Amino acid sequence: MKIGILGIGSYLPERILTNKEMESIVDTTDEWITSRTGIRERRIAADDEATSDLSYKAALKAIEDAGIDKDEIELVIVATTTPDYSMPSTAAIVQDKIGIRKAAAFDMEAACTGFVYALTTGYSFIKAGIYKKVLVIGADVFSRILDWEDRGTCILFGDGAGAAVLGEVETGGYLGGDLQADGAGAQELIVPSSGSRKPFREEVLTSRDQFVKMNGREIFKFAVRAFPETTAVSLEKAGLKIEDIDLFIPHQANIRIIESIAKRFKQPMEKFYVNLDKYGNTSAATIPIAIDEARNEGKIKKGDRLLLVGFGGGLTYGSCILEW
Ligand code: ACO
């Protein structure tokens, strides 16, 4: 049985925050942000928008695109680092919003690799014969956990959601993939006060430990190392070579990471889909948003082979090859 994407959709909040506006928030410049990251603007969720709201809007589009009845969905997975609550899961809230009572629902935390982890999990459930159709969502409202006084992090991220309905396809689909993690690097990208290790107390406000802390240089080095490593495993599993990939859909963190990978693979930049200039790093949402946009722009044709690669907090990384 071949398993692939039946439908895809995405949602970006309306509010645009430009680099120019960033200059009035932290000590930075449009020139610095553009030249160091490639990001020009990002979207910020409205005050009343949480991760489940963005997820729901993306999911409705994916279901419509798949042309299925919503009741056919048997499992909802939401990959996110910014759930509405630590309990209940965001997936359960999305399941209720869609109105698909009884569908199983759980969240998955693999930071920016979340969508690749969720897609692989959804694929595995279908492959095992447990479910026929699975809704996988990558969604984050990172603006809520950013330290808006830390210029090293707040300029990088944006909010957004992307969703895909997985099921049986006639041709192509999932050809091979790989998931990896290196927990030794956990401290390099962390929200220190966000769980049982350091519960939120008054003193946390002084340390600002309720916000994202990142060692940017280490994450950059990790990304450039992890990307080829996981790609090699996926290619081997799919029995393909790098030249067989028609479109690379990398996690959208920094244009310099993508350029360095293109150089290393000796592949033209035109084969790498890039939209980080418009949205920044939307964490678990970057990959499904990119697939949706690339498809809508006519950059994905029937039979094309896509390589999805994610990397992020954990440290986690992973990839998979899909034939459209
Ligand atoms: N504006 C102006 N100056 C800045 C800014 C800013 N926004 N941010 C940092 N600087 C300064 C620093 O203070 C430093 O100044 P100093 O030399 O006086 O100390 C200087 O710029 C250089 O800082 P670096 O950190 O060396 O800059 P670098 O070129 O490494 O770029 C960046 C920083 C953009 C964060 C880069 O390291 C990067 O993109 N890393 C990867 C981050 C990433 O992808 N994270 C997401 C992972 S996915 C997930 O799971 C969420």
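So, how was this worked out
Residues numbered from 1 in each chain as written. Predicted model: local features only at pLDDT ≥ 70, side-chain atom pairs only at ≥ 80, totals over all residues. UniProt positions renumbered as here; feature names shortened; annotations may be inferred. Pairing = 2+ DSSP bridges. Helix = DSSP H or I, 4+ residues; strand = E, 2+ residues; numbered from the N terminus. Axes fitted to C-alpha atoms, helices over the stretch in contact; angles between N-to-C directions. Contact = placed C-beta atoms within 7 Å. Core = buried A, V, L, I, M, F, W, Y, C linked by C-beta atoms within 7 Å. Buried ≥ 20, exposed ≤ 12 C-beta atoms within 10 Å, placed from the backbone. Domains from an automatic or database assignment. Nonpolar A, V, L, I, M, F, W, Y, C, P; charged D, E, K, R; others polar.

Identification of the chain as Beta-ketoacyl-[acyl-carrier-protein] synthase III from Sebaldella termitidis is taken from an unreviewed UniProt entry. Under the Pathway (unreviewed entry) heading, UniProt states for the chain: "Lipid metabolism; fatty acid biosynthesis." Heading Subcellular location (unreviewed entry) of the UniProt record for the chain holds this comment: "Cytoplasm".

Peer 1: In this structure, what is going on with the sheet that holds strand β11 (residues 247–250)? I would like to understand it.
Peer 2: Hydrogen bonds between backbone atoms are what pair the strands of a sheet, whose relative direction is either parallel or antiparallel. Read across the open sheet, the four strands follow the order β8-β13-β12-β11; overall the sheet is mixed. In this open sheet, the two edge strands, each paired with only one partner strand, are β8 (173–181) and β11. With strand direction ignored, the average angle separating the axes of adjacent strands in the sheet is 10 degrees. Across the sheet, helix α5 (residues 114–127) is in contact with β8, β12 (305–312) and β13 (316–323); its angle to β13 comes to roughly 55 degrees. Along the sheet, helix α7 (residues 216–238) makes contact with β8, β12 and β13, crossing β8 at roughly 140 degrees.

Peer 1: Help me understand the nonpolar core in this model?
Peer 2: The tendency in soluble globular proteins is for nonpolar side chains to be buried as a group. The biggest cluster of nonpolar side chains holds 101 residues, and the ones touching the most others in it are Ile-77, Ile-137 and Ile-249. Two domains each provide a minimum of three residues to this core, namely domain 1 (3–171) and domain 2 (175–323).

Peer 1: Would you take a moment to explain the domain arrangement of the chain for this structure?
Peer 2: When the parts come together, some accessible area is lost, and that loss is often what is quoted as the size of the interface. What the domain assignment reports for the chain is domain 1 (3–171) and domain 2 (175–323). Here the C-alpha centre of domain 2 lies 14 Å away from the C-alpha centre of domain 1. At the junction of the two partners, domain 1 supplies 44 residues and domain 2 supplies 42 residues. Listed by contribution, the elements that provide at least two residues to the side of domain 1 that touches domain 2 are β1 (3–11), β3 (41–44), α5, β6 (134–141) and β7 (159–168). Looking at the side of domain 1 that touches domain 2 residue by residue, the classes come out as 21 nonpolar, 16 polar and seven charged.

Peer 1: Honestly, the UniProt feature "domain: Beta-ketoacyl-[acyl-carrier-protein] synthase III C-terminal" (unreviewed entry) in the chain in this entry has me stumped. Any pointers?
Peer 2: Following the UniProt record, one finds the feature "domain: Beta-ketoacyl-[acyl-carrier-protein] synthase III C-terminal" (unreviewed entry) at residues 235–324. The distance from the first to the last C-alpha atom of residues 235–324 is 16 Å, and the span holds 33% helix and 22% strand.

Peer 1: Hey, could you run me through the pairing of strand β4 (residues 75–79) in this one?
Peer 2: Taken residue by residue, a regular strand's side chains alternate between the two faces of the sheet. A large share of β4 lies buried, amounting to five of its five residues. Here β4 shows a buried face lined by Leu-75, Ile-77 and Ala-79 and a second buried face lined by Val-76 and Val-78. Where β4 and strand β5 (residues 104–108) come together, five bridges link them in parallel fashion. Counterpart to Ile-77 in the pairing with β5 is Phe-106. Judged from the five bridges that link them, β4 and β6 form a sheet pairing that is parallel. Note that in β6 the partner of Val-78 across the bridge is Ile-137.

Peer 1: What is the right way to look at the UniProt feature "active site" (unreviewed entry) in the chain in this model?
Peer 2: With numbering matched to this structure, UniProt assigns "active site" (unreviewed entry) to Cys-112, His-251 and Asn-281. Taking the farthest pair of C-alpha atoms as the criterion, the annotated set spanning 170 residues converges on one region, since that pair is 8.6 Å apart. Here Cys-112 is to be found in the loop between β5 and α5. If sequence neighbours within four positions are ignored, Cys-112 has contacts with His-251, Ala-253, Asn-281, Ser-283, Ala-284, Thr-286, Gly-310, Phe-311, Gly-312 and Gly-313. Here Asn-281 shows up in the loop between α9 (276–279) and α10 (286–296). Classification of Asn-281 as buried rests on a count of 24 C-beta atoms within 10 Å. Asn-281 has contacts with Cys-112, Leu-156, Phe-157, Gly-158, Gln-252, Ala-253, Leu-276 and Thr-286, leaving out every residue within four places of it along the chain.

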